[in-house]
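What follows is each chain in one-letter form.
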Amino acid sequence: MARAAGTLTLAVRDLAVRFGGVAALAGVSFDVHPGTITSVIGPNGAGKTTAFNAITGYLAPTRGRIEYDGSPLTGLRPSAIAARGIVRTFQRTSVFPALTVADNVMIGLHLRGVAGLVDVTLRRRRLAAEESRLAREADGILDFVGLGRRRGERASELPYGEQRLVELAVALGARPRLLLLDEPGAGMTTAEKTTVTDLIYRIRDQATTVLLVEHDMRMVMSISDAVIVLNHGRVIAAGTPAAIQAHPDVIRAYLGSAGDRA
Amino acid sequence: MSGAGRAVLAGLALTLPFWLPNPYFLHVAIMAGIFGVLALSLNLLLGYTGQLSLGHAAFFGIGAYASALLTLRLEWSFWLALPAAVALAALAGWLIGRLALKLRGAYFVLVTISFAGVVALVSVNWMELTNGPLGLPGVPAPTLGPWSLRGKPAYYYLVLAAVLLASLVCRRLVHSRIGRAFVALRENEPLAESVGVDVTHYLVLAAVVSAAMAGLAGSLYAHYTRFVSPEVFLFSYTVTMVIMVVAGGKGTLAGPLVGALIFTVLPEALRAVVSWQWQMLAYGVLLILLVVFLPRGIVPAIAAWRVRQAP
Amino acid sequence: MAELLQHLVNGLVLGGTYALLGIGLTLIFGLMNVVNFAHGEFYTLGAYATFAALGLAGANFFAAVLAAIACGAVLGALCEQALLRPLRAESIDTTMLVMIGVWIAMQNAELLIWGGVAKSIPHPFPTAPLVLGPVSIAPLRAFVLVLAAGLIVMAYLAIHRTRLGTAMRATFQDRDTAALMGVRIHRMHTVTFAFGSGLAAAAGALLGPVFLAYPSMGDLASLKAFSVVILGGLGNLPGATLGGLLLGIAEELGAGYISSGYRDAVGFVIIILVLLLRPAGLFTKQERIG
């Protein structure tokens, strides 16, 4: 275990988050290996999004360690974590609504630019060069996600499925080395899910490790190299999709929660 | 705007003192320019970062007092006092930005109002420095080599240069990653953070640049009216700036200037007909009407209208 | 020591009215999510309405104060129905700008009606102070303190002991559930705004005779109300009461021991410091609206 730690993309150790008296995460540990697609699944309220929020600095864990490439992330702000190469998307569609698709991606490219106040006010040529470089990168990303023809449209006016692609394009702008996707397939049609699945493969192939929260089991089982199952704020199983599907605790957790709903 | 339209506008602005014979009209143009800089400055915060500063008169006043005191007490040249006033206002902006770092919306507004309140009270009570409510008369007019810029035409060009400078800075900012970071803060702060925009850093930066511009306007105002008193901190200045920005179109480059022009010229034109109180009353009603019926402002409304007219 | 006691008594008089202002604002802020920058104008309205009822209608002083409170409540209800109801779906920033518009319009309307010269409001109390051991208090101020305390108690009772108050608290806690339970949210908003405005008018009617009535008196009142709300925590009624008393006493002490010129800076500094250090307010442990 200790020997492998140096090569792990993400090592979560005994992570706990409490809201008031409620433990959303009660000591969770798991690994994400470089170059993989890893999924976090579990019934509603299992703590999946809480884990994402803790990893990306949106909330402070009550206990535990999070290591990225062997160095701790705990205590860093979300923007600082993004600067290290960890970028996340949100469960609810989250774009810059009043801006065009292209401008959305331009904000995503924030970390790809360097211009400061002095460059902006005094070094006209340097600024122009940076702007055209960023615009080219934005075009490339939009083509990559298949939104090239939408670049001039307001993000809020796009249909839902395409807004989720905008979100993905914004995240890709920051060139993540670890990308956390919170339910990328939620609310999508089967055709759209195929597009997203294909995109996730292509993102992985560009040397980006992917960690995703997803409810669609077919998508999870087909796409993942590894699956982590959370229930009531604890890891109840972790392993390959095949092993998870056969795991008795997982079956119980899902049947149990299905039974609650009925 | 088309290139031709822009050239005509530039030509008009540059030749204004030659065909506008009445010095009173030129005075209105100068005030419109000073308010134009102020409106541009407020727009950086309100229009781009989405945070309303109701303490903007403080930066204006700090610029005015700094410039007046440096030239009166230390006998600095205007050309040194101006950048010093800008720097001091920027420092105040930095302070406010640091204070309001985590505060948004109404809380941001309250901190800016409170800051302006404290500064205004200091200007009234620190008699040794500010001469209290009596103010500082005799602020010297700037000179340029052997020429005095005391005359209205010369001062007009000085103010015009300031307007151009402020517009240029705004334009460059907006079309850069800094301006996009401002907008990201306004549109969706958590998303901005997720792609590495250090939102608080950019809020402080916006406050600094905005305050610096307001300080520039303050210095120009002090050396134009040649008198500074605690009135520079009047809340009605801030209100006027807000109206100009909201009416012209917040978050646009041209909007604040259009708003400044309208709301400097209109009150002057109406002065003979209605009293100042009626005007302020109308400002209040107008602000309500604008927010309800023209929430995005004049410039975006015209742009949208032209898009619809286009075949 | 005697001096300190005197400052404390004076502070309580001011603080009681600040609490009235704060309770009104915190209700509006908490229940309607409206940042009411026109709050101080209802305070001004209360002072001028008292003045008008006394001078023009020749009313009895106590009747004039009641009339002023009613006037504030009615105008508040109108303002809510005409301006805020159509904007219910809009963001808090939009309504904030609208209320800034109301603030400017009301203040300048008052300036037009009454002129810029401060008016002194006559009152029937003797000027000779009541002396209680080391402290003395003008009868008018004692009346202000008693009536403010009475109004605060009434506000509590109205919110905790009446059906309307229960509906108000329900709306504050969970608007959707309250609506499902049959609470008419529209009406709740009108009532809340009228209630808050009435309390602000009461504060103006009480402090108007102590000081003077002038058109811009509402500016500082607004800011003081905001300081109180921030001190007490959003939507926190006991917090607003304590915050009001605290601000009144702090101002008196500041004016007495530091410099009277900076009396009004106390509120500003409180806003900045509390927002900086304890943005949720000083008394967050307490229950919100009951």
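All values derive from a computational prediction rather than experimental measurement.

## Considering the overall build of chain B
- Counting its secondary structure elements, chain B contains 14 helices and 4 strands.
- Here the C-alpha radius of gyration of chain B, 19 Å, is about what a compact globule of 311 residues would show, namely 19 Å.
- On the principal axes, the C-alpha backbone points of chain B span a range of 55 × 45 × 40 Å.
- Residues counted as buried form 54% of the 311 residues belonging to chain B.
- Pairs at least 24 residues apart make up 78% of the contacts formed inside chain B by residues separated by at least 6 positions.

## Brief notes about the interface of chain C and chain B
- The interface is formed by 32 residues belonging to chain C together with 29 residues belonging to chain B.
- Looking at the side of chain C that touches chain B, the elements with two or more residues in it are α4 (92–114), α9 (217–232) and α11 (265–277) of chain C.

## Looking at the domain arrangement of chain A
Residue and element names in this part refer to chain A.
- Taken as a whole, chain A is organised into domain 1 (1–85 + 178–262) and domain 2 (95–175).
- Distance between the C-alpha centres of domain 1 and domain 2: 27 Å.
- Tallying the contact residues gives 9 residues for domain 1 and 8 residues for domain 2.
- For the side of domain 1 that touches domain 2, the secondary-structure elements that each account for two or more residues are α3 (78–83) and α8 (190–205).
- Looking at the side of domain 1 that touches domain 2 residue by residue, the classes come out as 6 nonpolar, 2 polar and 1 charged.

## What about the nonpolar core?
- A169 of chain A, A89 of chain B together with A201 of chain C are the most contacted members of the largest nonpolar core, which totals 290 residues.
- Here this core gets 19 residues from one element, more than from any other, and that element is helix α10 (residues 199–225) of chain B.
- Here this core spans two domains, and each of domain 1 (1–85 + 178–262) and domain 2 (95–175) of chain A adds at least three residues to it.
- Once residues lying within four places of it in the same chain are set aside, the contact partners of A169 of chain A are V105, G108, I141, L142, V145 and L147 of chain A.

## Some words on the packing of helix α11 (residues 235–248) of chain B against helix α12 (residues 255–270) of chain B
Residue and element names in this part refer to chain B.
- As a packed pair, α11 and α12 sit with axes 7 Å apart at the nearest point and diverge in direction by 120°. In terms of axis orientation, α11 runs oblique to α12. Crossing geometry of α11 relative to α12 is assigned as right-handed. Counted together, T240, I243, M244, V245, A247 and G248 of α11 and G255, P256, L257, V258, G259, A260, I262 and F263 of α12 form the full contact between these two elements.

## Quick look at the confidence of the model for chain B
Residue and element names in this part refer to chain B.
- For chain B, the average pLDDT comes to 90, and 99% of its residues sit at 70 or higher.
- When pLDDT is averaged over each element of chain B, α10 comes out on top at 96 and strand β3 (residues 147–148) at the bottom at 82.
- The complex prediction reports pTM at 0.87, with the ipTM value standing at 0.90.

## Looking at the interface of chain A and chain B
- Counting from both sides, the interface comprises 30 residues of chain A and, opposite them, 24 residues of chain B.
- Broken down by secondary-structure element, the contributors of at least two residues to the side of chain A that touches chain B are α3, β6 (86–88), α4 (101–108), α5 (117–122), α6 (124–145) and α7 (160–173) of chain A.
- Looking at the side of chain A that touches chain B element by element, the count peaks at 4 residues for α3 of chain A.

## Quick notes on the sheet that holds strand β10 (residues 234–239) of chain A
All names here are of chain A.
- Taken together, the 6 strands give an open sheet; going across it, the order is β6-β7-β8-β3-β9-β10, and neighbouring strands pair in mixed fashion. A single partner strand is all that each edge strand has here, and the edge strands are β6 and β10. The sheet shows a mean angle of 15° between the axes of neighbouring strands, taken without regard to direction.
- Pairing geometry for strand β3 (residues 37–41) and strand β9 (residues 226–231), over 4 bridges, is parallel. Of the residues in β9, the one forming a bridge with I41 is V229.
- Sheet contacts for helix α2 (residues 48–55): β3, β6, β7 (178–182), β8 (209–213) and β9; angle to β7, the most-contacted strand, approximately 145°.
- Relative to the sheet, α8 contacts β3, β7 and β8, its axis offset from that of β8 by approximately 145°.

## Brief notes about the packing of helix α3 (residues 56–72) of chain B against helix α4 (residues 78–99) of chain B
Residues and elements named next belong to chain B.
- One way to put it is that α3 packs onto α4 with a least axis distance of 8 Å and a crossing angle of 145°. The handedness of the crossing between α3 and α4 comes out as right-handed. Together, A58, F59, I62, G63, A66, S67, L70 and T71 of α3 and F78, A81, L82, A84, A85, V86, L88, A89, A92 and G93 of α4 make up the contact between the two elements.
- Its residues placed into classes, the contact of α3 with α4 shows 14 nonpolar, 4 polar and no charged.

## Concerning the sheet that holds strand β5 (residues 71–72) of chain A
All names here are of chain A.
- Within the open sheet, the 4 strands sit side by side as β2-β1-β4-β5. Their pairing is antiparallel. The sheet is open, and its two edges are formed by β2 (22–32) and β5, each paired on a single side.
- Direction of pairing for strand β1 (residues 10–19) relative to strand β4 (residues 63–68): antiparallel, over a ladder of 5 bridges. Note on β4: the bridge partner recorded for V12 is I66.
- α2 contacts β1, β2 and β4 of the sheet and is inclined by roughly 70° relative to β2.

## Points about the pairing of β10 of chain A
All names here are of chain A.
- With 5 bridges joining them, β9 and β10 adopt antiparallel strand pairing. Each bridged residue has a counterpart across the sheet, and for V229 the counterpart in β10 is A237.
- Here β9 folds back onto β10 in antiparallel fashion, the turn holding 2 residues, of which H232 has a positive phi close to 50°.

## Quick word on the pairing of β2 of chain A
All names here are of chain A.
- Direction of pairing for β1 relative to β2: antiparallel, over a ladder of 8 bridges. Counted as the bridge partner of V12 is F30 from β2.
- The antiparallel hairpin formed by β1 and β2 contains 2 residues in its connecting segment, where G20 sits at a positive phi of about 60°.

## Some remarks on helix α1 (residues 3–19) of chain B
- An ideal rise of 1.5 Å per residue puts 24 Å on 17 residues; α1 of chain B measures up with 23 Å between its terminal C-alpha atoms.
- A small share of α1 of chain B lies buried, amounting to 0 of its 17 residues.

## What about the environment of A225 of chain C?
All names here are of chain C.
- Looking at the element boundaries, A225 is found in helix α9.
- The sequence separation of A225 and L75 amounts to 150 residues, and the corresponding C-alpha distance is 19 Å.
- In this view, A225 contacts L21, G22, L25, H39 and G40; residues no more than four positions away in its chain are not counted.

## Description of unusual backbone geometry
- The phi dihedral of N131 of chain B falls on the positive side, at around 65°, and the residue is not glycine.
- Here N33 of chain C, not a glycine, exhibits a phi torsion of approximately 55°, which is positive.
- Topologically, N33 of chain C is positioned in the loop between α1 (2–32) and α2 (39–55).
- Exposure remark for N33 of chain C: the 15 C-beta atoms within 10 Å place this residue in the partly exposed category.

Rules and cut-offs
- Residues numbered from 1 in each chain as written.
- Chains lettered and ligands numbered in written order.
- Predicted model: local features only at pLDDT ≥ 70, side-chain atom pairs only at ≥ 80, totals over all residues.
- Helix = DSSP H or I, 4+ residues; strand = E, 2+ residues; numbered from the N terminus.
- Rg over C-alpha atoms; globule rule 2.2 N^0.38 Å.
- Buried ≥ 20, exposed ≤ 12 C-beta atoms within 10 Å, placed from the backbone.
- Contact = placed C-beta atoms within 7 Å.
- Domains from an automatic or database assignment.
- Nonpolar A, V, L, I, M, F, W, Y, C, P; charged D, E, K, R; others polar.
- Core = buried A, V, L, I, M, F, W, Y, C linked by C-beta atoms within 7 Å.
- Axes fitted to C-alpha atoms, helices over the stretch in contact; angles between N-to-C directions.
- Parallel < 35°, antiparallel > 145°, perpendicular 65-115°, else oblique.
- Left-handed = near helix turned anticlockwise from the far one by under 90°.
- pLDDT = per-residue confidence, 0-100.
- Pairing = 2+ DSSP bridges.
- Expected span 1.5 Å × (residues − 1).

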